[in-house]
Amino acid sequence: SNYDLIIQNGTVATAADVFQADIGIKDGKIVQIGQSLSGAARTIDASGKYVLPGGIDSHVHISQPSGDGIEMADDFESGTLSAVFGGNTTIMPFCLQEKGKSLREALTAYHALAEGQCYTDVSFHLIISDPSDAVLGQELPALVADGYPSLKVFMTYESLRLDDAQILKTLDVARRTGATVMVHCENEDAIRFLIEKHELAGDVAPRAHASTRPVAVEREATHRALTLAEIVDVPVVIVHVSNGEAMEEIARARTRGVKVVGETCPQYLTLTAKDLDGMDWEGAKLVCSPPPRDEDAQKECWRGIETGAFELFSSDHCPFRYDDQHGKLNPKGRTNFRHIPNGIPGVETRLPILFSQGFMAGRIDLPRFVVLTSTNHAKTYGLYPQKGTIAVGADADIAIWDPAIERTIRHADLHDGADYSPYEGIEITGWPITTIVAGKAVVENGVLVGAKGHGQYRKAAARQINKQSNLTRATS
Ligand code: DUC
Ligand code: ZN
Ligand code: ZN
Ligand code: ZN
């Protein structure tokens, strides 16, 4: 037959358009978009449904070594299973370089963990924790050319932080090679100072976590990261932006000509620091960095989603079990917030939250949803136009959404390896019912029909030297 699969009668949306069409798929690729297609081995009827590019979650932590006996709650099997049930077809987890080790060693180990385990496609970012001359001079340029062109650097965490000199050198390699640098912006020295004050005052419960990482800590580091990128003259991604003051730094940098991509996450649209009041140690469930702020910051983040200050909406899925000696309530964590691992799960709920509270609520249109959740991720990290759109020749990575589903988020219904959801109880309208990866349904009508190992590793392309990809921004 002409096609392996036809998706019929759906409302298709891309970054640019919304239209009625059938989609013909062959050998894992979209080969036809048209009216009344026929001649397929099988068809899926999408009447009354939205047919969207599969979600790409470019900010996910899976099996990342966390030190101190701490373990992440997801491996590649559970992490990608949760992702695919949430309408994602590709995730981009971080491959962490450990100090004194090479990037290749990290990649070898990480590939071994992922091989044969995945329900979605995957592509890694590197985390550079040890930017030695050998790493920056030889290893990184070779890896960028070999399909690993994105990396994250941290301005916080004792074991990960780079100083300004190291960040400058790393950005300079990115400028020369076309690598894309993501920066975690929080001022470590200021955080240390505040943690010591809180400890002296005996204020060690989870709610103190947010007080030790206030907006000023993020705003200053965001300004500094953007200044360093300006000095080197290289594009940069500011990840997990949580508030309006950091957004203002991004806007100011843009007016100076800095090429900056901004990312925000579901926790900054749905949670506030107040949620921890009265939670006592259960507040550990919401400990992440940067922490959720106040309602005003939440409004600002929504404004950034609506108006284009943000190009990326990612989950920052960083799952730890709550009631577990290897998780949030590890032996030290249950006595002091500073030992509670930072991060919350969310790879399965990212898209439904934005679909419901963004699109269905009338804050954004469907193309903007697609841009924020798929297209711009592919463009920023070198997977476009293979991924991130519905077009002839692209990978047949598609999520079919039913806007009629009313559902309340319950961790019991999710597929990750954590033991709670920070979004428990949120009411959602619309859910992805069928997720197609490389032309094959992995989830169909809410039921797992695919096998682990179907998802493949995808190498990425480096940026054209000193150019930012042509991202789609909102026009308002
Ligand atoms: N940064 C992340 O990107 N994720 C979780 C914790 C953190 O600090
Ligand atoms: Zn981070
Ligand atoms: Zn993260
Ligand atoms: Zn455990």
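Structure shown above.
So, here is what we can say about the structure in this document. (Residues numbered from 1 in each chain as written. Chains lettered and ligands numbered in written order. Predicted model: local features only at pLDDT ≥ 70, side-chain atom pairs only at ≥ 80, totals over all residues. Heavy atoms only, no water.)

## Some points on the coordination of the zinc ion (ligand 2)
Perfect tetrahedral coordination of a metal by four donors corresponds to 109.5 degrees between them, and perfect octahedral coordination by six donors corresponds to 90 or 180 degrees.
And step 1. Coordination sphere of the zinc ion (ligand 2), protein contribution only: Lys-152 (NZ), His-184 (ND1) and His-240 (NE2), at 2.1 to 2.2 Å.
And step 2. Read in sequence order, the donor residues coordinating the zinc ion (ligand 2) give the pattern K-x31-H-x55-H. (Donors = N, O, S within 2.8 Å, 3.2 Å for Na, K, Ca; no water.)

## Considering the nonpolar core
The nonpolar side chains of soluble globular proteins are, as a tendency, buried together.
And step 1. Leu-52, Leu-126, Leu-140, Leu-171, Ile-238, Ile-305 and Leu-354 are the most contacted members of the largest nonpolar core, which has 73 residues in total.
And step 2. Tallying contributions element by element places helix H7 (residues 215-232) first for this core, with 6 residues.
And step 3. Not counting residues within four places of it along the chain, the set of residues in contact with Leu-354 comprises Leu-269, Trp-302, Ile-305, Phe-313, Phe-359, Ile-364, Phe-369, Leu-372 and Thr-373.
And step 4. Counting 24 residues, the second-largest nonpolar core is a separate cluster that includes Ile-191, Val-217, Leu-286 and Tyr-322. (Core = buried A, V, L, I, M, F, W, Y, C linked by side-chain atoms within 4.5 Å. Buried < 20%, exposed > 50% of the residue type's maximum accessible area, 1.4 Å probe, protein only. Helix = DSSP H or I, 4+ residues; strand = E, 2+ residues; numbered from the N terminus. Contact = heavy atoms within 4.5 Å.)

## Topic: the pairing of strand S15 (residues 398-408)
And step 1. Sheet topology note: the strand S5 (residues 50-53)/S15 ladder contains 4 bridges and is antiparallel. Across the sheet, residue Leu-52 finds its bridge partner in S15, namely Ala-399.
And step 2. Pairing geometry for S15 and strand S16 (residues 427-437), over 8 bridges, is antiparallel. Along S16, the bridge assignment pairs Ala-399 with Thr-435. (Pairing = 2+ DSSP bridges.)

## A closer look at the coordination of the zinc ion (ligand 3)
And step 1. Protein-derived ligands of the zinc ion (ligand 3) are His-59 (NE2), His-61 (NE2) and Asp-316 (OD), with the metal-ligand distances lying across 1.9 to 2.0 Å.
And step 2. Each donor residue of the zinc ion (ligand 3) belongs to the same chain, with the gaps between them written as H-x1-H-x254-D.
And step 3. A separation of 4.1 Å is found between the zinc ion (ligand 3) and the zinc ion (ligand 2). One end of the pair, His-59, is in strand S6 (residues 55-60); the other, Asp-316, is in the loop between strand S14 (312-313) and helix H11 (350-360), and 257 residues separate them in sequence.

## Some remarks on the pattern of salt bridges
Note that side chains of opposite charge can pair when their charged atoms are close.
And step 1. The final tally for this structure, using the stated rule, is 31 salt bridges.
And step 2. Between Arg-338 and Glu-199 there is a salt bridge; the shortest N-O distance is 2.7 Å. Linking Arg-338 in the loop between S14 and H11 with Glu-199 in helix H5 (residues 188-200), this pair joins segments that are 139 residues apart in sequence.
And step 3. Residue Arg-338 is classed as partly exposed on the basis of its relative accessible area of 33%.
And step 4. A salt bridge links Arg-224 to Glu-220, with the nearest nitrogen and oxygen atoms 2.8 Å apart. Placement of both Arg-224 and Glu-220 in helix H7 is noted, with a separation of 4 residues, approximately one turn of the helix. (Salt bridge = Lys/Arg side-chain N within 4 Å of Asp/Glu carboxyl O.)

## Some words on unusual backbone geometry
And step 1. Put simply, Ser-289 and Pro-290 share a cis peptide bond, and its omega is -10 degrees.
And step 2. Pro-385 follows Tyr-384 through a cis peptide bond whose omega is 5 degrees.
And step 3. When you line up the elements, Pro-385 lands in the loop between helix H12 (366-380) and S15.
And step 4. Of note, Ser-36 is a non-glycine position whose phi angle comes to about 50 degrees, a positive value.
And step 5. As for its placement among the helices and strands, Ser-36 is situated in the loop between strand S3 (29-34) and strand S4 (40-45).
And step 6. For Ser-36, a relative accessible area of 66% corresponds to the exposed category.
And step 7. Backbone geometry at Asn-445 places phi at a positive 50 degrees, although glycine is not the residue there.
And step 8. Mapped onto the elements of the fold, Asn-445 is located in the loop between strand S17 (440-444) and strand S18 (447-448).

## Re the site of ligand 1
And step 1. Around ligand 1, the structure places His-59, His-61, Lys-152, Tyr-157, His-184, His-240, Ser-289, Asp-316, Cys-318 and Asn-342.
And step 2. One of the side-chain nitrogen or oxygen atoms of His-61 is found 3.0 Å away from a nitrogen atom of ligand 1.
And step 3. A distance of 3.2 Å separates a nitrogen atom of ligand 1 from a polar atom in the side chain of His-184.
And step 4. Coverage of ligand 1 by the protein chains reaches 96% of its 240 Å² of free accessible surface. (Near = heavy atom within 4 Å. Polar contact = N/O pair within 3.5 Å; in protein donor to acceptor, adjacent residues only side chain to side chain. Areas by Shrake-Rupley, 256 points an atom, 1.4 Å probe, with all protein chains shown as cover.)

## Description of the packing of H7 against helix H8 (residues 244-255)
And step 1. Close contact between H7 and H8 brings their axes to 8 Å; oriented N to C, the two are set at 15 degrees. Between H7 and H8, the crossing angle belongs to the class labelled roughly parallel. Along this stretch, H7 crosses H8, giving a crossing that reads as right-handed. Contact residues: H7 offers Val-215, Glu-218, Arg-219, Thr-222, His-223 and Leu-226, while H8 offers Glu-245, Ala-246, Glu-249, Ile-250, Arg-252 and Ala-253.
And step 2. A class-by-class count of the residues in the contact of H7 with H8 yields 5 nonpolar, 2 polar and 5 charged. (Axes fitted to C-alpha atoms, helices over the stretch in contact; angles between N-to-C directions. Parallel < 35°, antiparallel > 145°, perpendicular 65-115°, else oblique. Left-handed = near helix turned anticlockwise from the far one by under 90°. Nonpolar A, V, L, I, M, F, W, Y, C, P; charged D, E, K, R; others polar.)

## Examining H7
And step 1. Relative to the 26 Å expected for 18 residues at 1.5 Å per residue, H7 spans 26 Å between its end C-alpha atoms, a close match to the ideal helical length.
And step 2. Those residues of H7 not exposed but buried are Val-217, Glu-218, Ala-221, Thr-222, Arg-224, Ala-225, Leu-226, Leu-228, Ala-229 and Val-232.
And step 3. Lining the buried residues of H7 we find helix H4 (164-177), strand S11 (180-184), H5, strand S12 (236-238), H8 and strand S13 (260-264).
And step 4. Once H7 ends, the next one or two residues include Asp-233, with phi positive near 65 degrees. (Expected span 1.5 Å × (residues − 1).)

## Side note on the side chain of Gln-298
And step 1. Within the secondary structure, Gln-298 sits in helix H10 (residues 295-307).
And step 2. At 3.1 Å, the side chain of Gln-298 and the backbone oxygen of Leu-271 are in polar contact.
And step 3. Residues in contact with Gln-298, not counting those within four places in the same chain, are Tyr-268, Leu-269, Thr-270, Leu-271 and Thr-272.

## Observations concerning the environment of Val-237
And step 1. Considering the arrangement of structural elements, one finds Val-237 in strand S12.
And step 2. Overall, Val-237 belongs to the buried group, its relative accessible area being 1%.
And step 3. Separated by 127 residues in sequence, Val-237 and Tyr-110 have C-alpha atoms that sit 23 Å apart.
And step 4. Excluding residues that lie within four positions of it along the chain, Val-237 makes contacts with Thr-180, Val-181, Met-182, Val-183, Val-261, Leu-312, Thr-380 and Tyr-381.

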